[in-house]
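# Structural characterization, general
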Amino acid sequence: MLFFDPVLSVDSTISCGSCHNKLFAYSDRGSSLSTGINQQIGIRNSPPIFNVLWNKSFMWDGGVNHLEFMPLAPIENELEMGEKIKHVIAKLNRIPEYRNQFKQAYGIDSITDKYFLFAMAQFLGSLISANSAYDSVQLGLKPFSVTEQSGYDLYKQKCATCHAEPLFTDYSFRNNGLANTSDSGRMRITLLPEDRNKFKVPSLRNLDYSFPYMHDGRFKTLPEVLDHYSENIISSPTLDPELKPMYFSETEKEQLLAFLKTLNDPGFAGRLNP
Amino acid sequence: MKTIKLSGILALFIMIVFTQSCKNDDDNSNPTPTSTDTTTAHFHLQFNHVWAMAESPFALNTELIHPMTGDTMKFTMLRYYVSNIQVKKTDGTWWSEANSYHIIDVSDAEQTEIEVDDVPEGTYSAIRFMFGVDSAHNVSGAQDGALSVSEGMFWSWNNGYIMMKAEGTSNQVSGGSFSYHIGGFSGTNNVVTQKEFSLESSPLTVKENTHPEIVVKANPARLFHTVGSMTSLSATIHMPGATTTQMGKDFFDAAVLE
């Protein structure tokens, strides 16, 4: 309810759900960058939201260190919701329905920032995606097709170092060799030159719903992403040492795409009964 | 298997969160009683602010000249965290204040003094506390009291408490106003500073119906002791980094007992 309520933004125009839409695995409906209050454009791609209980940090640059602090970042970002948490709490306290709900949930007479953040964390934590075809295979309920199996084997050789099973990320920050990246990434937080252009490794689950890809949404399709890792990696001082051009054949690309499709969870994205 | 494992971990997490929430409710409605066989009382920890070596009075909205850099400035805000207050008993062990997080705010005389309650009666030979918020509480999620994010002393995009805010106006900076938000709790940008003062020459005696006071003298001119004139600084610094770490450390380190 809070997640979908624009009251969280300064002019009541933007909710969390504006840029994190369920049908797109809680990402922004195919936008590279998202639009906040006053038609302002944010600086990075809205990531999908799922399985966040396992995250070690949040945001592309890891600037948020705890799930309970996560909602503060977009609420207080001037390009996104442009609010102050103190004012959000004052507004929520003027809405009897919220006061009742917080009273029922936490036994408190007036809403405080701590309980608001607890409630948001409860909701975000409940967004679990674990019903993909891949999960069914792991549960022994069905096998991969031959092509999917080949793609899985290839994934394990070429991708699993960073996109580790079963969540398909190791939560590290790495420079994956994108061209023309002005965004300093993780360095914005740590100020360490060795962190320049490093971003958090995203999960490979639900890729069909969370397009476009990369921190700035530069790649619209998965074949473009595979082309990047195949032959377009740009060398730089902070390029990840594990990353080498992979020179996938066309057949290998098809196998990988088939495997990646098994990581989609249509039930999670509300796509089972269109 | 994976699904079962994920759901199991989720269930555990929810249980932990609920347990935590319930515990916090209890804390709010029934403050933890202190041990019944010890009489407790309080003391005051007062922060006085002076300006420069001459130790002239420091006040907000008053023109001040920095003796070293010659900069003229008016402060409009000076707020900082003091945490983890402890006093040393005669047996050498330390008594620690529970939930010991406070904001000192020069704009409000009442907020330059901390009343430390529930202290067992007795004599104490030293005091220690931190300027800033210890690293653990920078990574512990939503909290209340002085650590509430509504205090405006928390960075939402680069998580961590703003240990100190110093804002004001000066002709020495472009745009005419300065805003230094000082923080950082890890690595080279750790500005959190523990202070310990011996009270042996005049021990603190905590006793019912008395109001003993320990006065710490802090000197905002020290902010510029190493970094020098504001003309060579950005007018606005709102993140951890070498400059603000130096400013914070110079200010915190120079605090003395009055």
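Residues numbered from 1 in each chain as written. Chains lettered and ligands numbered in written order. Predicted model: local features only at pLDDT ≥ 70, side-chain atom pairs only at ≥ 80, totals over all residues. Heavy atoms only, no water.

Looking only at helices and strands, chain A has 10 helices and 2 strands in total. Along chain A, from the amino end to the carboxyl end, the secondary structure elements read α-α-α-α-α-α-α-β-α-β-α-α. Expected size for 274 residues packed as a compact globule is a radius of gyration near 19 Å; at 20 Å, chain A falls within 12% of this value. Expressed as lengths along the three principal axes of its C-alpha atoms, the size of chain A is roughly 60 × 45 × 30 Å. (Helix = DSSP H or I, 4+ residues; strand = E, 2+ residues; numbered from the N terminus. Rg over C-alpha atoms; globule rule 2.2 N^0.38 Å.)

Turning to the packing of aromatic side chains, a few remarks are in order. Tallied over the entire structure, the rule returns 42 aromatic pairs over all chains. With a centroid separation of 5.9 Å and an interplanar angle of 75 degrees, the aromatic rings of A:Phe144 and A:Phe259 are classed as edge-to-face. One end of the pair, A:Phe144, is in the loop between helix H6 (133-138) and helix H7 (146-158); the other, A:Phe259, is in helix H10 (residues 250-261), and 115 residues separate them in sequence. Taking the relative accessible area as the measure of exposure, A:Phe144 reaches 12% and is therefore buried. When its relative accessible area of 0% is taken as the criterion, A:Phe259 is described as buried. Ring centres of B:Phe178 and B:Tyr180 lie 5.5 Å apart, and the angle between their planes is 25 degrees; on these two criteria the pair is classed as stacked. Side by side, B:Phe178 and B:Tyr180 carry an identical accessibility label, which is buried. Members of the aromatic cluster, each reached through a chain of ring pairs, are B:Phe47, B:Tyr80, B:Phe129, B:Phe131, B:Phe197, B:Phe251 and B:Phe252. (Phe/Tyr/Trp six-rings, centres within 6.5 Å; stacked < 30°, edge-to-face > 60°. Buried < 20%, exposed > 50% of the residue type's maximum accessible area, 1.4 Å probe, protein only.)

Moving on, we get to the confidence of the model for chain B. Predicted confidence across chain B gives a mean pLDDT of 89, with 86% of residues reaching 70 or more. Contacts from residues 1-35 of chain B, a stretch scored under 50 in pLDDT, to residues over four places away or in other chains number 31 contacts. (pLDDT = per-residue confidence, 0-100. Contact = heavy atoms within 4.5 Å.)

Right, let's talk about the nonpolar core for a bit. Counting residues in hydrophobic clusters, the biggest one holds 115 residues, and the most contacted among them are A:Phe116, B:Phe43 and B:Phe75. Not counting residues up to four positions away in its chain, the partners in contact with A:Phe116 are A:Leu2, A:Leu8, A:Ile75, A:Ile85, A:Val88, A:Ile89, A:Leu92, A:Phe102 and A:Ile111. Grouped together as the second largest cluster of nonpolar side chains are 27 residues, A:Val137, A:Leu204, A:Tyr213 and A:Leu222 included. (Core = buried A, V, L, I, M, F, W, Y, C linked by side-chain atoms within 4.5 Å.)

This brings us to helix H3 (residues 85-93) of chain A. Those residues of H3(A) not exposed but buried are A:Ile85, A:Val88, A:Ile89, A:Lys91, A:Leu92 and A:Asn93. At its buried positions, H3(A) is contacted by helix H2 (72-76), helix H4 (96-106) and helix H5 (113-125) of chain A.

Attention shifts here to the interface of chain A and chain B. Contact residues are listed per partner, giving 32 residues for chain A and 33 residues for chain B. Roughly 3100 Å² of surface becomes buried between chain A and chain B when both sides are summed, with 60% attributable to carbon and sulfur atoms. In terms of surface lost to chain B, no three residues of chain A exceed A:Phe69, A:Lys114 and A:Gln122, which account for 19% of the buried area on that side. In this structure, the connection of chain A to chain B is made through 1 salt bridge. Residues A:Lys114 and B:Asp144 are paired through a salt bridge, measuring 3.0 Å at the closest nitrogen-oxygen approach. (Buried area = accessible area lost by both parts, 1.4 Å probe. Salt bridge = Lys/Arg side-chain N within 4 Å of Asp/Glu carboxyl O.)

Residues and elements named next belong to chain B. With respect to the helices, strands and loops of the structure, alanine 255 is situated in the loop between helix H2 (242-253) and strand S16 (256-257). The class of alanine 255 is buried, set by a relative accessible area of 2%. Alanine 255 sits 37 residues away from alanine 218 along the chain, and the two C-alpha atoms are 4.7 Å apart. Non-local contacts of alanine 255, meaning those with residues more than four positions away in its chain, are made with Phe131, Lys195, Phe197, Val216 and Lys217.

Attention shifts here to the domain arrangement of chain A. All names here are of chain A. Along its sequence, chain A is carved into domain 1 (6-125) and domain 2 (133-261). Using only C-alpha atoms to locate each centre, domain 1 and domain 2 end up separated by 27 Å. Of the residues lining the interface, 24 residues belong to domain 1; the matching set on domain 2 comes to 23 residues. Taken together, the two surfaces of domain 1 and domain 2 that pack against each other cover about 2000 Å², and 56% of this comes from carbon and sulfur. Taken together, domain 1 and domain 2 are joined by 2 salt bridges. Two residues, aspartate 183 and arginine 44, come together in a salt bridge whose shortest N-O distance is 2.7 Å. Between domain 1 and domain 2 we count 11 residue pairs in polar contact (both at pLDDT 80 or more) in total. Its residues assigned to classes, the side of domain 1 that touches domain 2 shows 11 nonpolar, 10 polar and 3 charged. (Domains from an automatic or database assignment. Polar contact = N/O pair within 3.5 Å; in protein donor to acceptor, adjacent residues only side chain to side chain. Nonpolar A, V, L, I, M, F, W, Y, C, P; charged D, E, K, R; others polar.)

Below, the discussion takes up unusual backbone geometry. All names here are of chain A. Of note, the bond from glutamate 165 into proline 166 is cis; its omega dihedral lies within 30 degrees of zero at -5 degrees. Within the secondary structure layout, proline 166 lies in the loop between H7 and strand S1 (173-174). Even without being glycine, arginine 29 reaches a positive phi, approximately 40 degrees. For arginine 29, the position within the fold is in the loop between helix H1 (16-19) and H2.

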